[in-house]
Amino acid sequence: MAEMLDVEKDELKLGFIKLTDMAPLAVAYELGYFEEEGLFVTLEPQANWKVLLDRVITGELDGAHMLAGQPLAATIGYGTKAHIVTPFSMDLNGNGITVSNEVWDMMKPHIPSGPDGKPVHPIKADALKPVIEHFKAEGKPFNMGMVFPVSTHNYELRYWLAAGGIHPGFYGETDVSGQLQADALLSVTPPPQMPSTLEAGTINGYCVGEPWNQQAVFKGIGVPVVTDYEIWKNNPEKVFGLSKAFVDANPNTTLALTKALIRAAKWLDENNNANRAEAVEILSRSEYVGADYEVIANSMTGTFEYEKGDQRAVPDFNVFYRYYATYPYYSDAVWYLTQMRRWGQIAQFKPDSWYDETARSVYRPDIYIKAAGMLLEEGHVAEEEFPWGSDGYKAPTPAADIIDGVPYDGKTPNAYLESLSIGLKSGEVVSGS
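Keep in mind it's a predicted model, so treat the numbers as computed, not measured.

K.L.:
It is not clear to me how the packing of aromatic side chains should be interpreted in this structure. Could you clarify?
P.N.:
For any pair of aromatic rings, geometry is given as the distance between the ring centres together with the angle between the planes. Under the counting rule described, the total for this entry stands at 18 aromatic pairs. Ring geometry for Tyr159 versus Trp335: centroids 6.3 Å apart, planes at 45°, classification tilted. With Tyr159 in helix α7 (residues 152–163) and Trp335 in helix α15 (residues 330–342), this residue pair connects regions lying 176 residues apart in the sequence. Accessibility assignment for this pair places Tyr159 and Trp335 in one class, buried. Centroid distance Tyr368 to Phe386: 5.9 Å. Interplanar angle 55°. Geometry classified as tilted. Placement of the pair is Tyr368 in helix α17 (residues 365–377) and Phe386 in the loop between α17 and α18 (413–418), with a sequence separation of 18 residues. The buried category is assigned to Tyr368, whose relative accessible area is 1%. Residue placement shows Arg342 over the ring face of Tyr159; its charged tip is 5.1 Å from the ring centre. The positively charged end of Lys350 is found above the aromatic ring belonging to Trp354, 5.3 Å away from the centroid.

This is the structure we're talking about:
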């Protein structure tokens, strides 16, 4: 057994939002992994993503479960300016897009059926386009909810819509609604409020993490039409974020936290998800996600229910450790930055070198690999579970793994942006309203 790290700060308060993918934090706490690293952690749910980020910046929280776009946006000064870093990626996949029953009934004639009479997946936004045109003809806006302007959900929803020829709107320097030139109007709704907002008719659909898509199925108020696994196979989702000031002042504490989280992620995926039922029991408690066991289990145990009764096997709906899920890849950071640029959150053209430098200033695989090496020495992990020699960039994502068939290479962000049909190109800026 290796010696315990001499941590600079042993009492920590970590924040999270009530979503399934906060699981590594709950597991590290409940299974004693934090304590084994000499850390005495308090986990505290936060009201929303903005409050959570602000509290990490002020030091009221030592670290938190964050949207992957948050450390990047804060570091480049979009919204809030603060240098946030991440040594640990929390999961892959885990989101879905749900539409109201009314919209689903209107989409269905445009969706092919399989031999079993069920809709053929993945369902593309092409089937939603005539519905939006119908709304437009009646003079009605088509409203959709997403969880935060720099959330994966915003970018995935925009990606899916744009792939179907639906413009999700630009952000301008003076108009930050994200609705300039939009066919579908996207706005922020907090995750737990998505089903009730849909039921009230305020929005016609939404993109959110679990358990809030499955909740719509259970309540009979909407139909999840596509998962983010189908939009972009094994896309990165949340990260664990800390201020750079905290990491600089507490290097051993940061390493200890990363070690505990890696162990929790491994436990969540080991033996073909054998521990998921126990994880669901933990998450269903009121202090964590606080949703019904069945609702969380519906996606967390490797299935996903679309239309009521149409339950399909999606073993990788939630991935916490497989496929090097916890390694903070620069290429993941670059993808988020390309989407910020694509929709005008990054107003001006940036050279490829800028994307690389920004990714390196926020994502810290150096800390991650050091923590992994210590766990390997201690016998907690196996050598093949980590990409030891990685330059921080994944191999390009092939066209077959992305819904619009456009491959992605993190080393050539501008060429990638040029290859997308809807969105800002190199010299373009959004002006006026």
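K.L.:
What exactly am I supposed to notice about the sheet that holds strand β11 (residues 238–243) here?
P.N.:
By way of backbone hydrogen bonds, the strands of a sheet pair with one another, either parallel or antiparallel. Spatial ordering of the open sheet is given by β2-β1-β3-β11-β4, a layout of five strands whose pairing is mixed. In this open sheet, the two strands that pair with only one neighbour each are β2 (40–45) and β4 (84–89). Sheet twist, expressed as the average angle between the axes of neighbouring strands with direction ignored, equals 30°. Looking at chain direction, strand β1 (residues 11–16) and strand β3 (residues 63–67) are connected through two bridges and run parallel. Counted as the bridge partner of Leu14 is Gly63 from β3. Of the strands in this sheet, β3, β4 and β11 are in contact with helix α4 (residues 69–76), which crosses β3 at around 95°. Packing against the sheet, helix α12 (residues 251–273) makes contact with β1, β4 and β11, and its axis sits at approximately 35° to β4.

Cut-offs used in this document
- Residues numbered from 1 in each chain as written.
- Predicted model: local features only at pLDDT ≥ 70, side-chain atom pairs only at ≥ 80, totals over all residues.
- Heavy atoms only, no water.
- Phe/Tyr/Trp six-rings, centres within 6.5 Å; stacked < 30°, edge-to-face > 60°.
- Helix = DSSP H or I, 4+ residues; strand = E, 2+ residues; numbered from the N terminus.
- Buried < 20%, exposed > 50% of the residue type's maximum accessible area, 1.4 Å probe, protein only.
- Lys NZ or Arg CZ within 6 Å of the ring centre and 35° of its normal.
- Pairing = 2+ DSSP bridges.
- Axes fitted to C-alpha atoms, helices over the stretch in contact; angles between N-to-C directions.
- Contact = heavy atoms within 4.5 Å.

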